[in-house]
Amino acid sequence: MKFFLPFCLLAIWLFAACQPNQNATTEETLFEEYYIRFLEPEKELMAYATFQEGDSLESAKAKIFFGGVSFQGSGMQVRNLPKGIVRYTYKLKSANYQPPFKFRYKNDLGEQVEETVQMQGIGKFEVTDSISQGKGMNLTIENGNLSENEQFILLFTDQTKRAFSIPIMGPTARNNYRLQASQISKLSKGKGQLYLVKKQNITREEGNRSISCNIEYYSNTIDIEVFD
């Protein structure tokens, strides 16, 4: 009996030591970053994608896929950046803004992975009454609705060439926006210009993937005039 108890304790210890650690993770995280920019005046569409793999973003190393990465069915060029970062790039002039936008690559198992980025464009926009330093202004945007992860940035330039911005954060469910006098108080009287930027930022975790998607739409510029 005096030998039985130590033997049982030893057996239990060996059994526990041989069990897999439930908290241990052997699979590294794939950090995926996607970016799209559309310039309406130039009709230019640009897309970037970067991939890094590791235990954390700080220690991750560039990930390169056999067969490369495609955007909207076209191959992306590979560029080597400082600090060992590899960026896949795409640029198209005389482009139309036609979401959804799709990135594709084949992972290490040979499986095709697709990441879709979807954001509605801005459409037409206009100031629907005079811009008054004392009363504010009304702005109508054709596609004015914003989701929770979207925003408009109104970029003004006045006659003195000073520029400043006003953000409008989502979610919103309207096409008409009223800006108070206090919001446009920095605008000088006289002629100026206005253009809009619409942004979307989405981040999520999916298995061992950490995904960040950003898209920006830059509108045409319209002329404005500011009164008292």
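Just above sits the structure.
Rules used throughout
- Residues numbered from 1 in each chain as written.
- Predicted model: local features only at pLDDT ≥ 70, side-chain atom pairs only at ≥ 80, totals over all residues.
- Heavy atoms only, no water.
- Helix = DSSP H or I, 4+ residues; strand = E, 2+ residues; numbered from the N terminus.
- Contact = heavy atoms within 4.5 Å.
- Areas by Shrake-Rupley, 256 points an atom, 1.4 Å probe, with all protein chains shown as cover.
- Core = buried A, V, L, I, M, F, W, Y, C linked by side-chain atoms within 4.5 Å.
- Buried < 20%, exposed > 50% of the residue type's maximum accessible area, 1.4 Å probe, protein only.
- Pairing = 2+ DSSP bridges.
- Axes fitted to C-alpha atoms, helices over the stretch in contact; angles between N-to-C directions.
- Salt bridge = Lys/Arg side-chain N within 4 Å of Asp/Glu carboxyl O.
- Phe/Tyr/Trp six-rings, centres within 6.5 Å; stacked < 30°, edge-to-face > 60°.

Participant: For this particular structure, what's the right way to read the overall build of the chain?
Facilitator: In terms of helices and strands, the chain carries one helix and 18 strands. Of all intrachain contacts in the chain linking residues separated by at least 6 positions in sequence, the fraction that spans at least 24 positions is 61%. When the accessible surface of the chain is summed, it comes to about 14100 Å², and 51% of that surface belongs to carbon and sulfur atoms.

Participant: When you look at unusual backbone geometry in this model, what are you seeing that I'm missing?
Facilitator: Apart from glycine, the bulk of residues carry a negative phi angle, and the bulk of peptide bonds sit in the trans form. Cis peptide bonds are those with omega within 30 degrees of zero, and the linkage from Pro99 to Pro100 qualifies with 5 degrees. Structurally, the position occupied by Pro100 is in the loop between strand 7 (86–92) and strand 8 (101–106). That bond from Gly170 to Pro171 is cis: its omega, 5 degrees, falls within 30 degrees of zero. With respect to the helices and strands, the residue Pro171 is situated in the loop between strand 14 (163–169) and strand 15 (176–179). Despite not being glycine, Gln72 shows a phi value in the positive range, around 55 degrees.

Participant: How do you make sense of the nonpolar core when you look at a structure like this?
Facilitator: Soluble, globular proteins show a tendency: their nonpolar side chains are buried together. In this structure, Ile36, Phe51, Phe71, Met76, Phe103, Leu154 and Phe156 are the most contacted members of the largest nonpolar core, which totals 47 residues. Ignoring sequence-local partners within four residues, the contact set of Phe51 consists of Leu30, Phe31, Glu32, Tyr34, Lys61, Ala62, Lys63, Phe65, Val69, Val86, Tyr88 and Tyr105.

Participant: Explain the sheet that holds strand 15 here, please?
Facilitator: On the basis of which strands lie adjacent, the open sheet formed by three strands has the order 10-12-15 and antiparallel pairing. Looking along the sheet, the strands with just one partner apiece sit at the ends: strand 10 (125–127) and strand 15. Pairs of neighbouring strands in the sheet enclose a mean axial angle of 20 degrees, with direction left out of account. Relative to strand 12 (residues 137–141), strand 10 runs antiparallel, the two being bridged by three bridges. By the bridge assignment, Val127 is partnered in strand 12 with Leu139.

Participant: Looking at this structure, how should I read the pattern of salt bridges?
Facilitator: Any two side chains of opposite charge can pair, so long as their charged atoms come close to each other. Enumeration over the complete set of coordinates arrives at 17 salt bridges. The partner of Lys63 in a salt bridge is Glu53, with the nearest N and O atoms 3.6 Å apart. Remark: Glu53 occurs in strand 2 (residues 44–54) and Lys63 occurs in the loop between strand 3 (61–62) and strand 4 (69–71); sequence separation between them is 10 residues. Classification of Lys63 by relative accessible area gives buried; the value is 12%. When its relative accessible area of 23% is taken as the criterion, Glu53 is described as partly exposed. A salt bridge links Glu206 to Arg204; the nearest nitrogen and oxygen atoms lie 3.1 Å apart. Under the relative-accessibility criterion, Arg204 is labelled partly exposed at 31%.

Participant: Help me understand the side chain of Ser188 in this model?
Facilitator: Relative to the helices and strands, Ser188 resides in the loop between strand 15 and strand 16 (190–206). On the basis of relative accessibility, which here comes to 19%, the residue Ser188 falls in the buried class. In this view, Ser188 contacts Gln133, Asp158, Thr160, Arg162 and Val226; residues no more than four positions away in its chain are not counted.

Participant: I keep staring at the packing of aromatic side chains and nothing clicks. Help me out?
Facilitator: Any aromatic ring pair is given by two values, namely how distant the centres are and how the planes are angled relative to each other. All chains considered together, the criterion is met by 16 aromatic pairs. Look at Phe51 and Phe65: their rings are 5.0 Å apart centre to centre, the planes differ by 90 degrees, and that puts the pair in the edge-to-face class. Of this pair, Phe51 sits in strand 2 while Phe65 is found in the loop between strand 3 and strand 4, placing the two residues 14 residues apart along the sequence. According to the relative accessible area criterion, Phe51 is buried, its value standing at 1%.

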